[in-house]
Amino acid sequence: VQLQASGGGLVQAGDSLRLSCTASGRTFRDYNMGWFRQAPGKEREFVAAIRYSRATAYADSVKGRFTISRDNAKNTVDLQTNSLKSEDTAIYYCAAGQRVITSTMRSPQAYDYWGQGTLVTVSS
């Protein structure tokens with residue numbers, strides 16, 4: 001599976017961005033998908049995930065502001081980010097895995113494939 005993330009950019013605090021991740025392969029619907037982010041000098045952290053069953057999970061820091069969705073017909077998983085804050089500034093990565101279960105959705109180690117990342121910069 002190859003993943004291509006897009007949609008990042010420079011925005012002001014309070015603005016919105018829609019990040020998109022396009023996956024190659026005909027078995028996209030079988031994959032659990034996640035979004036992670038990494039800010040300068042910090043470790044990669046979980047943002048949101050959506051399982052093949054469409055069950056979702058969110059980091060507390062983005063709950064209520066971000067929404068993850070998937071379109072199996074288009075092989076895409078999107079992350080709608082609203083009410084952006086300066087602390088949301090990071091490189092956002094999408095990830096895919098077939099062995100992800102509910103208890104491991106938030107762990108980067110559970111995902112087998114990663115995209116190249118898209119940079120989101122939020123100015124205050």
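The coordinates are above.
Residues numbered from 1 in each chain as written. Predicted model: local features only at pLDDT ≥ 70, side-chain atom pairs only at ≥ 80, totals over all residues. Heavy atoms only, no water.

## Quick look at the environment of Gln98
Working step 1: In this structure, Gln98 sits in the loop between strand E9 (90-97) and strand E10 (113-114).
Working step 2: The exposure class assigned to Gln98 is partly exposed, which follows from its relative accessible area of 45%.
Working step 3: Each C-alpha atom of the pair Gln98 and Gly7 lies 25 Å from the other, and the pair is 91 residues apart in sequence. (Helix = DSSP H or I, 4+ residues; strand = E, 2+ residues; numbered from the N terminus. Buried < 20%, exposed > 50% of the residue type's maximum accessible area, 1.4 Å probe, protein only.)

## Considerations on the pattern of salt bridges
Once the charged atoms of two side chains with opposite charge are near each other, the side chains can pair.
Working step 1: For the structure shown, the criterion picks out six salt bridges.
Working step 2: Close ionic contact of Arg37 with Asp88 constitutes a salt bridge, the shortest N to O distance being 2.9 Å. Of this pair, Arg37 sits in strand E4 (residues 32-38) while Asp88 is found in the loop between strand E8 (76-81) and E9, placing the two residues 51 residues apart along the sequence.
Working step 3: The buried category is assigned to Asp88, whose relative accessible area is 0%.
Working step 4: Taken together, the shared-partner salt bridges in this structure form one network comprising Arg37, Glu45, Arg65 and Asp88. (Salt bridge = Lys/Arg side-chain N within 4 Å of Asp/Glu carboxyl O.)

## Concerning the side chain of Gln80
Working step 1: By the secondary structure assignment, Gln80 is in strand E8.
Working step 2: Within polar-contact distance, the side chain of Gln80 engages the side chain of Asn82 at 2.9 Å.
Working step 3: In contact with Gln80, not counting residues within four places along its chain, are Ser16, Leu17, Arg18, Arg65, Phe66 and Thr67. (Polar contact = N/O pair within 3.5 Å; in protein donor to acceptor, adjacent residues only side chain to side chain. Contact = heavy atoms within 4.5 Å.)

## As for the side chain of Thr118
Working step 1: Note on placement: Thr118 falls in strand E11 (residues 118-123).
Working step 2: Beyond its immediate sequence surroundings of up to four residues, Thr118 is in contact with Ala5, Ser6, Gly7, Gly8, Leu19, Ala90, Ile91 and Tyr92.

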